[in-house]
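Given next are the chains, with one letter for each unit.
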Number of protein chains: 4
Amino acid sequence: MTTTDLPELTAEEKAQLDELYAAFDAAHMTPLWTQIGGLMPTSPRPDAVPALWPWSTLLPLAERAGELVPVGRGGERRAIALRNPGLPGTPYATPTLWAAIQYLGPKEEAPAHRHTQTAFRFVVEGEGVWTNVEGDPVAMRRGDLLLTPGMHFHEHHNTTDHPMAWIDGLDIPLIHYLDAGFFEFGPDVLATKDTPPVSRNERLWAHPGLTPIGAPPTKASPLKAYRWEHTDAALRAQLELEDEGHPGVVEPGHAVVRFTNPATAGDCLSTMRCEMHRLRAGTTTGAVRTAGSAVWQVFDGTGEVRIGEQSYTVGKGDLFAVPSWAPLSFRTESGLDAFRFSDDPVFEALGLARTAREEASS
Amino acid sequence: MTTTDLPELTAEEKAQLDELYAAFDAAHMTPLWTQIGGLMPTSPRPDAVPALWPWSTLLPLAERAGELVPVGRGGERRAIALRNPGLPGTPYATPTLWAAIQYLGPKEEAPAHRHTQTAFRFVVEGEGVWTNVEGDPVAMRRGDLLLTPGMHFHEHHNTTDHPMAWIDGLDIPLIHYLDAGFFEFGPDVLATKDTPPVSRNERLWAHPGLTPIGAPPTKASPLKAYRWEHTDAALRAQLELEDEGHPGVVEPGHAVVRFTNPATAGDCLSTMRCEMHRLRAGTTTGAVRTAGSAVWQVFDGTGEVRIGEQSYTVGKGDLFAVPSWAPLSFRTESGLDAFRFSDDPVFEALGLARTAREEASS
Amino acid sequence: MTTTDLPELTAEEKAQLDELYAAFDAAHMTPLWTQIGGLMPTSPRPDAVPALWPWSTLLPLAERAGELVPVGRGGERRAIALRNPGLPGTPYATPTLWAAIQYLGPKEEAPAHRHTQTAFRFVVEGEGVWTNVEGDPVAMRRGDLLLTPGMHFHEHHNTTDHPMAWIDGLDIPLIHYLDAGFFEFGPDVLATKDTPPVSRNERLWAHPGLTPIGAPPTKASPLKAYRWEHTDAALRAQLELEDEGHPGVVEPGHAVVRFTNPATAGDCLSTMRCEMHRLRAGTTTGAVRTAGSAVWQVFDGTGEVRIGEQSYTVGKGDLFAVPSWAPLSFRTESGLDAFRFSDDPVFEALGLARTAREEASS
Amino acid sequence: MTTTDLPELTAEEKAQLDELYAAFDAAHMTPLWTQIGGLMPTSPRPDAVPALWPWSTLLPLAERAGELVPVGRGGERRAIALRNPGLPGTPYATPTLWAAIQYLGPKEEAPAHRHTQTAFRFVVEGEGVWTNVEGDPVAMRRGDLLLTPGMHFHEHHNTTDHPMAWIDGLDIPLIHYLDAGFFEFGPDVLATKDTPPVSRNERLWAHPGLTPIGAPPTKASPLKAYRWEHTDAALRAQLELEDEGHPGVVEPGHAVVRFTNPATAGDCLSTMRCEMHRLRAGTTTGAVRTAGSAVWQVFDGTGEVRIGEQSYTVGKGDLFAVPSWAPLSFRTESGLDAFRFSDDPVFEALGLARTAREEASS
């Protein structure tokens, strides 16, 4: 029934059809049969493309922005978003995910606001900034994941004499698409410049298998900081268990921890999954296709990543985007640690999760 | 920090900034501070607009399509989508919802396929078509809601000498946005032309409060047909209870039933909510804002609907779209029955649901 | 390490052991090794035994109680419990389940109370009594299941000139065992003597797959009455589907519906499962063992039931108890309808559910 | 309607009633009205009583049992249960909870078995025993909680030259009551005598907020060991936060952590709740009544505990039982750490949880 399948039309038939289509258009109607191939493909055909943003490009540009652009009310944050080349006109890394490098100079502050968009920070290098989440200042250090769930007031301040850069991940594209965004400014003056080494949420919640009964109930994860020391130990243990012949890794040489909400055991954020992956030196992973998109940042080591037909050599700080259903695989001689965030929780909540896995070729 | 807030720049500063922005662009980066107002508004600012599609326009165009356009493999269905005037270039009623009128002529058939997109049919008039869902033919009659959950094979056939039109609702825009679509063709020849008056799924599941223990487990709703007779009785009972002074209506004169999955008690579909509303003659409802969008079809009666600043007089068969956070209210002298479908389950699953309600002014 | 396994003890050793055991006893201590066989058997060894209570015995005794014993405050209900012969000194049908015949004479009333114990009524014959549950009078008729969840005020009144008897099922033994019982008297005078043909909870909730959005939220099942007309239709449909070659029965000739809470799709009561079973004429079921106990009442027809080593010929109204893990099977020439209630929800909630099934021998 | 309320009966009436009661008895029936007061009290009236078992009594008796009674197949464990004085004839600490001191001499072994009964070990002093749970040896040290969920094979071995004693908690009474017990012997020879300092389950799961994606799925808690170092740190942090004016304690001077399953965030065991409480020096707690029973063991410090009308002075190792709904309060001059286990998960799963709290009197 596609037009190509139709029998040859007479001039009169064609005129009638043109008239009908014009009437459709005037009535704000669009026939399915002219759209179905693009709308309903046999498997996902994302506009988003595999893409790489080298840290060696990002960081200098962020530093330059630090020199030229003030941070403050209005623009709110000195954050520069990664734009997927397949999504021109948007500042989106994938259809659902926002990834940006944020830069805060010596003694600078970013004022408080809150929004339905969910956010996290991941720190690939540096320290000295505290993110104050609902009155609880959280130190940011290399390897840490810090959460700012939706509608939590947050502000940042750099107490040091050196700048700091990190990665922001948000569900801005998803919230914008859904028309679900609400945003509020907080006070212009920072609520606190305290710089405690450990946040209160960690003191209550960062104890394995222990739930503090007197802690205030929270809708989002009560734990807001996941420290590198724990992440590193957990990944190391998985690879050691593999060496000893015990389960733990997801595939040979490949350890993964997911950052989870200790009050629910579910994903740490409602719309984004966060994970740290560690590949043992000499590992080649099997290609995996996942319905849904992801952004990765190399945390340490070097390797090659293959995304569909694209292949990149990546090292510390490099970010790359993985479109829906693109086969993804890694190869590393030296070993590789990489942080991943994705829209998997959205797909799982809506019954749309789907994965296809190939074994690594030897 | 918006550019308007910046101090007057010198020519050199401006040049430096231009250079920086060009470098951003070359590196596939976009600064947040030039985007934040549009991306992160203080409350939703949908592109979609309130819109009305009169049945008196839709039906004749569908009938004309029946004369000119065959139905069959490729185009798959003779369905004509409602296009929101605020979403030009798309065939979408709202950012997440597809609404179409489907038309099947006498003795026509639409061949089997399945897809991750979730679908329902709602029948505002007519009968004589059976939707065969995974081998279980389901009669379609005025007032009925029929489900085709994701990845269920389905085909339609009209056994009569008269045409039939109905409304299709799908999550096509959401699935397309998420790059979550998978689609498969079924056999070209219909699996069955049976026309049982009651489907097997109803015989197992359409008994109030009774769960058939031997029925096969299903991921989606095992009940695929919600008959007008039950819907009507449930709405009538709510208004009668109101007359007797008992709870049941959502507000004075306003009865609502939600179509639910009897195996979970949750929404009948994973990505769309379906409800039938009945307004007693002489009712004015309070304006309600809901984060998320909806499409309504008047089933019976007449009234005025107000969506934001727009006001429409509506009657049987008319469809209208309600963008996110637009205040919606009704006024009816004669009484009004209206079917509603929305993306509420998406918002609830992702922790984004939000509603604001005003009491009806007298 | 059981004493029988111990090497022959010297007199001195025996004296020392006796002294130790006496010291244990004085200190309120009991050694595991003298207890383990009874306490921790390899599979359940219930004290409760298979037991039958013929309706032809129960009903005349209840009628006689109606002549001799008034109903009113203090004793609260003219209910006579079935006592498992294996549980002497208790009024329990099984360790967890209370089953009683309740009898209310012409114009009699039973005053309001409420308690944490959960209750239902099942009517094997007769009508004319209304159970008023939290102000909503519910008619009781043959084949109906009526709920009184924990802490719901309830009172009964017989409006007719004839007596009525029915079965009460409660979790009295479980609540007593757990020391979880709270009980409150309501007013001595009945709140209502209304006799509506249909209760308000049914008018809101007894529509298949339809959830009333304006109905007040409830912790327990909002639906309090399950009518025979629906139960019968659901069972009949399963057997008809079997005739047509479609799934639906739990085994050949054996249809089952479970009574469920339409607001959760879970069991209709938190501590008891209620089901209706229908065996087609000429059916022999496979023996099933279930961890947990149950009580059955024959609703219609006749047959033989085998419980472990016991075999009974049963007919309308007869009740029987099935201890934990006793193999249960049926044989019926004429067909049999039987109501079952059990502690399955307790076992499922605590992770203790276990079933073993044998196919029916031909 | 209790017999005391009945009008004076004539001799004939009395004879008729006696005849009826005899007929009830012969038919295995018991009238409610003679039972209701005891069966359905206005609030729980447990048979179990408050009880104290001093460590200074328990430990020497366990040591003496170590001299006189071998450990091995048949008796299975050298465990001596605490018997509630209100539950004579049973070896139960409360109606639902088993508490025992277990003692394993130098180089002794307890062979493998598994059962539906759920168990934990809590260590008030000593070390040197490993519990091998499903092939994963778990070291036992002062302050540790070690889990053996239902149907997990487990065996113990003492590798040292000194004996070790600890506390076993099980749901033996509940499982016995429910007739839910299944038990299997494992091999007579120990599967392993390995003594790793850290178990494999801890290496995978004892990282705060981190879920190992490649770890095998488990029905029960995958984490089997909760180490004192973490418990102590979590409690200390709560009291420090209180000092700083922040939330975290359940009442002034009273810190609590619950041991939870990191894969679900629920209780660490399906039928028992485990918690550690810390009272700051000089604290008096408010009296709390809880529906359900508990057993406590003092871990450190001294204090007075009041249970209903009973009052005990307690110190390290002392155990006490708290019956359902008995008001419980503490007073400590020196500070007190106490381990608690209870049947709260059973009450919560069945909708029976209820608590009443009084503020501490100054």
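Cut-off values and rules
Residues numbered from 1 in each chain as written. Chains lettered and ligands numbered in written order. Predicted model: local features only at pLDDT ≥ 70, side-chain atom pairs only at ≥ 80, totals over all residues. Heavy atoms only, no water. Pairing = 2+ DSSP bridges. Helix = DSSP H or I, 4+ residues; strand = E, 2+ residues; numbered from the N terminus. Axes fitted to C-alpha atoms, helices over the stretch in contact; angles between N-to-C directions. Buried < 20%, exposed > 50% of the residue type's maximum accessible area, 1.4 Å probe, protein only. Contact = heavy atoms within 4.5 Å. pLDDT = per-residue confidence, 0-100. Least-squares fit on C-alpha atoms with pLDDT ≥ 70 in both. Parallel < 35°, antiparallel > 145°, perpendicular 65-115°, else oblique. Left-handed = near helix turned anticlockwise from the far one by under 90°. Nonpolar A, V, L, I, M, F, W, Y, C, P; charged D, E, K, R; others polar.

With that out of the way, let us pick up the sheet that holds strand β8 (residues 136-141) of chain A. All names here are of chain A. The five strands are arranged β8-β7-β10-β5-β12 in an open sheet whose pairing can be described as antiparallel. Each edge of the open sheet carries a strand with a single partner, namely β8 and β12 (183-185). Neighbouring strand axes in the sheet, compared pairwise and without regard to direction, differ in orientation by 25 degrees on average. Where strand β5 (residues 109-115) and strand β10 (residues 154-158) come together, three bridges link them in antiparallel fashion. Within β10, the position partnered with Glu-109 by the bridge is His-157.

Time to look at the environment of Arg-357 of chain B. All names here are of chain B. With respect to the helices and strands, the residue Arg-357 is situated in strand β25 (residues 355-357). Given a relative accessible area of 57%, Arg-357 falls into the exposed group. In contact with Arg-357, other than residues within four places in its own chain, are Ala-287 and Val-288.

Time to look at the confidence of the model for chain A. When the pLDDT values of chain A are averaged, the result is 95; 97% of them are 70 or greater. Both scores are given for the predicted complex: the pTM is 0.96, the ipTM 0.96.

The transform that puts chain C on chain B rotates by 180 degrees and translates by 0.1 Å along the axis, for an RMSD of 0.0 Å. Expressed as an axis order, the relation between the two copies is that of a two-fold axis. No C-alpha of chain C approaches the rotation axis more nearly than that of Pro-208 of chain C, which lies at 2.2 Å. Mapped onto chain B, 100% of the interface residues of chain C again fall at the interface, so both copies present the same surface.

Between helix α1 (residues 11-26) of chain C and helix α3 (residues 55-68) of chain D, the least distance of the axes is 11 Å, while the angle of their chain directions is 155 degrees. Taken together, the axes of α1 of chain C and α3 of chain D are roughly antiparallel relative to one another. For the crossing formed where α1 of chain C meets α3 of chain D, the hand is left-handed. Side by side, α1 of chain C and α3 of chain D meet where Gln-16, Leu-17, Leu-20, Ala-23 and Phe-24 of chain C of the first sit next to Leu-61, Arg-64, Ala-65 and Leu-68 of chain D of the second. Split into classes, the residues belonging to the contact of α1 of chain C with α3 of chain D amount to seven nonpolar, one polar and one charged.

Attention now moves to the sheet that holds strand β7 (residues 127-133) of chain B. Residues and elements named next belong to chain B. Across the sheet, five strands lie side by side as β8-β7-β10-β5-β12; this open sheet has antiparallel pairing. Of all strands in the sheet, those bounded by a partner on one side alone are β8 (136-141) and β12 (183-185). Neighbour-to-neighbour, the strand axes of the sheet open up by a mean angle of 25 degrees, direction not taken into account. Sheet topology note: the β7/β8 ladder contains six bridges and is antiparallel. The residue bridging Val-129 from the neighbouring strand is Met-140, located in β8.

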